[in-house]
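As a plain string of letters, each chain reads:
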Amino acid sequence: MSRPTQKPTMRDVSRLARVSPMTVSRVFTDPDTVAAPTRERVLKAVEQLGYLPDLVAGALSSRRTNFVGLILPTLTNSNFGDTAQGLAEVLKADATQLLIGYTLYQVAEEERLVRALLPRRPDAIVIAGSVHTAATRTLLDRAGIPVVEIWEQPDQPLDRAVGFSNFEVGRAAARHLIALGHRKIGAIGPEADADLCDHRADTRLKGFSSMLREAGLSDALVLRHGLPPASFEHGANAIGALLARAPDVEAVFAVSDLAAFGAMMELKRRGIDVPGQISLIGFGNFEVGRLSYPAMTTIGVDARAIGAAAGTMLRALLKRDAQEAEVERNVDVGFTLIERETTAPRPAAPAKARKRPTAAAAGNQPKTATGPRRTQAARETP
């Protein structure tokens, strides 16, 4: 059979569904305003005819394009994937789709993406983080659409924000290690330069340092090493650099479970027991940390809830009769310290060596079996 020469029109759908063309249009642009039986009849006609709506024409009349721009640092981080899924699941109730871009932690690339998105007239933009170039801030401020910053709790959001305090995450990690009795404490995270920076990870390190200083401890072992993103390889390299600086470090915070896992593998290669000799805590509650052996102590955030909360916020803001004052401006989803097996109390100091007996006294001592020294019990003693 030859292919049809004419594509089906909205009028064809309206005739088959026995409704007006305006009703067909509303099924695509504002489905909640159409009665469910009528909507189902129209969608059945659409499927039968293979009709595709002209979204550009619909946008001109409704001022809605039914897509939201989502800008993430990377597509390889499963937590960001969960956030995108949570956002998409909420927005699909309004037939709104996501257009996703990624920055690779470069603020200049974020600016380029914003410039590329805005001429396409998105209904809103969701953007990870709160550190932007001056040009990006101006573009978003003048766009006249809702903007939601996620994965952070800025003091002054551009418009709306959904996230948590990365600074307090760092403080919570330090507090946990201090409470276990550790005193020589370090941390590992990526370096930053003018354009390439994981600002959220750096804020965690700043919070970690502040808690150490508050407890009267040194933060000299808070190490920024390598470039973002945090990864298995980054963690392995960073823990090596930290050990070169402080072989006797007692506990370490890694800004991501990915880096923490890489660090743990490097420690194992060096014959250093976790947590017997070094306690290790990560961030993110990644699957690799949950399934590693020993299981990773971490700080978890509900990544999907961040996306869902941003979606709920946008649905409210985009309704024609929405009162902006009724939509919360800054939603804090919080975080949870998840204590597993890679952190433990600081080992007890070894007992002072006894005075060696004289030869005469030694002759009177009962003989004992020889064998390897047992140090594990001492390491496990608080």
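Residues numbered from 1 in each chain as written. Predicted model: local features only at pLDDT ≥ 70, side-chain atom pairs only at ≥ 80, totals over all residues. Heavy atoms only, no water.

A.B. asks: Please explain the sheet that holds strand S4 (residues 147-150) as it appears in this structure.
C.D. replies: Strands in a sheet are paired, the pairing made by backbone hydrogen bonds, and the direction either parallel or antiparallel. Taken in spatial order, the six strands make up an open sheet running S2-S1-S3-S4-S5-S11, and their pairing is parallel. The sheet terminates laterally at strand S2 (97-102) and strand S11 (330-332), the two strands that pair on one side only. This sheet shows a mean twist of 15 degrees between the axes of neighbouring strands, independent of strand direction. As defined by bridge partners, strand S5 (residues 160-163) adjoins S11 across three bridges and the pair is classed as parallel. Residue pairing for S11: Val-162 is matched across the bridge by Val-331. Against the sheet, helix H13 (residues 303-318) touches strand S1 (67-72), strand S3 (124-128), S4, S5 and S11, its axis set at about 155 degrees to S5. (Pairing = 2+ DSSP bridges. Helix = DSSP H or I, 4+ residues; strand = E, 2+ residues; numbered from the N terminus. Axes fitted to C-alpha atoms, helices over the stretch in contact; angles between N-to-C directions. Contact = heavy atoms within 4.5 Å.)

A.B. asks: Looking at this structure, how should I read the pattern of salt bridges?
C.D. replies: Any two side chains of opposite charge can pair, so long as their charged atoms come close to each other. One pass over the full model with this rule turns up 15 salt bridges. Glu-168 is the partner of Arg-171 in a salt bridge, and the nearest nitrogen-oxygen pair spans 3.8 Å. Residue Arg-171 and its partner Glu-168 are both found in helix H8 (residues 166-179); the two are separated by three residues, about one turn of the helix. The buried category is assigned to Arg-171, whose relative accessible area is 12%. Between Arg-269 and Glu-266 there is a salt bridge, with its nearest N and O atoms 2.8 Å apart. One end of the pair is Arg-269 and the other is Glu-266, both in helix H11 (residues 257-269) and three residues apart, which spans about a single turn. For Arg-269, a relative accessible area of 58% gives the class exposed. Among the charged side chains, a salt-bridge network with shared partners connects Asp-159, Arg-160 and Arg-329. (Salt bridge = Lys/Arg side-chain N within 4 Å of Asp/Glu carboxyl O. Buried < 20%, exposed > 50% of the residue type's maximum accessible area, 1.4 Å probe, protein only.)

A.B. asks: Even after reading the chapter, I still don't get the packing of aromatic side chains, so can you show me in this structure?
C.D. replies: Enumeration over the complete set of coordinates arrives at six aromatic pairs. The interplanar angle of 70 degrees and the centroid separation of 5.3 Å between the aromatic rings of Phe-80 and Trp-151 together place this pair among those described as edge-to-face. Separated by 71 residues along the polypeptide, Phe-80 in helix H5 (residues 78-91) and Trp-151 in the loop between S4 and S5 bring together distant segments of the chain. In textbook terms, an aromatic cluster arises when at least three aromatic residues are bridged by ring pairs, as seen for Phe-80, Trp-151, Phe-164 and Phe-283. (Phe/Tyr/Trp six-rings, centres within 6.5 Å; stacked < 30°, edge-to-face > 60°.)

A.B. asks: Help me out: how do you make sense of H5 in this one?
C.D. replies: Across its 14 residues, H5 extends 20 Å between first and last C-alpha, which sits within 8% of the 20 Å expected from 1.5 Å per residue. Residues Asn-79, Phe-80, Thr-83, Ala-84, Gly-86, Leu-87, Val-90 and Leu-91 constitute the buried set of H5. Seen along its axis, H5 keeps its buried residues to an arc of 160 degrees; they face one direction. Measuring from the side-chain oxygen of the N-cap residue of H5 to the backbone nitrogen of Asn-79 gives 2.8 Å; that N-cap residue is Asn-77. (Expected span 1.5 Å × (residues − 1). Arc of directions from axis to C-beta. Polar contact = N/O pair within 3.5 Å; in protein donor to acceptor, adjacent residues only side chain to side chain.)

A.B. asks: How should I be thinking about unusual backbone geometry in this particular structure?
C.D. replies: Negative phi characterises most residues that are not glycine, and trans characterises most peptide bonds. With an omega of 5 degrees, the peptide bond running from Pro-228 to Pro-229 counts as cis. Between Tyr-293 and the following residue, Pro-294, the backbone shows a cis peptide bond with an omega angle of 0 degrees. Structurally, Pro-294 can be placed in the loop between helix H12 (287-291) and strand S10 (298-300). One non-glycine residue, Ala-95, lies in positive phi territory at about 55 degrees.

These results come straight from atomic positions and should not be treated as a statement about function.
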